[in-house]
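Here are the chains, one letter per residue:
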Amino acid sequence: MTELLASSGDDHPIIALDDGSGPNLLVAHPGGGDATTWDSVTRCLTDDFRVVRLHRRIYAPGADIALPHSMAVEAADIVTVAELLDSPVLLVGHSSGAVAALEAALLEPSVFAGLILYEPPMSTRELVAGAAGVRARAALDTGDPIEAMRIHMRDIVRMPASTVDAMFADQHVQATLAAYATAQIADNESIDALGAGIDRFAELETATTLIEGDLSPAHLRERLADLGATLPNARIVTLPGQGHIAHLTAPDLLAAAIRDAAVHVLPA
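Quantities reported herein were computed from a predicted structural model and do not represent experimental measurements. Every chain is numbered on its own, with residues counted from 1 as its sequence reads. Predicted model: local features are reported for residues with pLDDT of at least 70 only, side-chain atom pairs are reported and counted for 80 or more only, and whole-chain, interface and lining totals are derived from all residues. Hydrogens and water molecules were not included; the side-chain quantities draw on all heavy atoms of the structure.

Caption draft 1: Spotlight on the nonpolar core. Put simply, a nonpolar core is a bunch of buried Ala, Val, Leu, Ile, Met, Phe, Trp, Tyr and Cys residues held in one set by side-chain atoms that sit within 4.5 Å of each other. Each residue's exposure class comes from its accessible area (1.4 Å probe, protein chains only) as a fraction of the maximum for that residue type: buried when under 20%, exposed when over 50%, partly exposed otherwise. Ranked by internal contacts, the top residues of the largest apolar core, which has 53 residues, are Leu26, Ile78, Leu91, Leu102, Phe112, Phe201 and Leu227. By residue number, the principal contributor to this core is helix α3 (residues 96-107), which donates seven residues. Here, two residues are considered to be in contact whenever any of their heavy atoms come within 4.5 Å of each other. When sequence neighbours within four positions are dropped, the list of residues in contact with Leu102 reads Leu115, Leu117, Met122, Phe201, Leu204 and Leu227. In this structure, Val92, Ile211, Ala246 and Ala255 belong to the second largest nonpolar core, which totals 22 residues. What counts as a helix is a DSSP run of H or I of at least four residues, what counts as a strand is a run of E of at least two, and both are numbered from the N terminus.

Caption draft 2: Quick peek at unusual backbone geometry. Residue Leu67 is joined to Pro68 through a cis peptide bond whose omega torsion reads -5°. Mapping Pro68 onto the fold places it in the loop between β4 (50-54) and α2 (71-82). Of note in this structure, Ser95 is not a glycine but carries a positive phi near 55°. Although it is not a glycine, Glu119 sits at a positive phi angle of roughly 45°.

Caption draft 3: Spatial organisation of the sheet that holds β4. Only strands that DSSP links by at least two bridges are regarded as paired with each other. Strand order in this open sheet of eight strands is β1-β2-β4-β3-β5-β6-β7-β8, and the pairing throughout is mixed. Strands with a single pairing partner mark the edges of an open sheet, and in this sheet they are β1 (2-7) and β8 (234-239). Ignoring which end each strand starts from, the neighbouring axes of this sheet average 20° apart. Lines fitted to the C-alpha atoms define the axes, with helices restricted to the stretch that makes contact. Angles between their N-to-C directions range from 0 to 180 degrees. In the packing of α3 onto the sheet, the strands contacted are β3 (24-28), β5 (89-94) and β6 (114-118), and the crossing angle to β5 comes to about 145°. Sheet contacts for helix α9 (residues 218-230): β7 (208-213) and β8; angle to β7, the most-contacted strand, approximately 165°.

Caption draft 4: Main features of the pattern of salt bridges. Salt bridge criterion: a side-chain nitrogen from Lys or Arg within 4 Å of a carboxyl oxygen from Asp or Glu. Taken as a whole and judged by the stated rule, the model has 20 salt bridges. Across the pair Asp77 and Arg57 runs a salt bridge, and its minimum N-O distance is 2.8 Å. Placement of the pair is Asp77 in helix α2 and Arg57 in the loop between β4 and α2, with a sequence separation of 20 residues. With respect to burial, Asp77 and Arg57 carry one shared label: buried. When the shortest N-O distance is used, the salt bridge between Arg158 and Glu126 registers 3.3 Å. Of this pair, Arg158 sits in the loop between α5 (145-156) and α6 (161-168) while Glu126 sits in the loop between β6 and α4 (130-141); the two residues are 32 residues apart in sequence, bridging distant segments of the chain. Owing to a relative accessible area of 36%, Arg158 belongs among the partly exposed residues under this scheme. Accessibility expressed as a relative area gives 43% for Glu126, which makes it partly exposed. Each of Asp10, Arg57 and Asp77 takes part in one network of salt bridges that share partners.

Here you go:
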């Protein structure tokens, strides 16, 4: 693995992890961690693809997070890295990283041969964080990042309360989530700042594979279905027995879905 370095339009350094060889997969990772959260999926793909994982700027090690954070900034970062790569470039996004990927494709559609998006929490009919986001921000601002992340998991992602309680009973999980709380809450706010509605994507002709887990929270699947109905060139793939974190629970299955999606886009 090597590091790919770039500079954004606002002179912010952009770091990406660069593995494998072959057609380019540019990955925008989910919230709650950095690009290394996709290590296991990457290992399943590098025999066939060059996998470039962007460290999203608010999650990069030592990140200095300027508020309010903007998805437009993330979209521009993605385009900057994509323009360093040879064509074709397939853009892969997971969760909030998939929201950033969609905004990047809208910004410069000609740069990307296709999109592969795993459960982007788009504000299709209602905001993603809403009132729960306000409570999470209040908890964070009063010095309680663990409570902020508990609200995020339980009331924004909408994981079952029993699952969230079990997660937070693990001190290591608590510490890991708390370390990324500032970035995660800013991430949620940047999604809500886009506003409700996705009509702006109705003319995005880029071939898109939308990936969902059949055990994912209902609102994520509903948002995905709305997106699938709006994008003119989209297909939906369902991962059996999986939820929102298949990159951790079934990386081989997620990698297989990505490989299959690439076949639909890349020339033989």
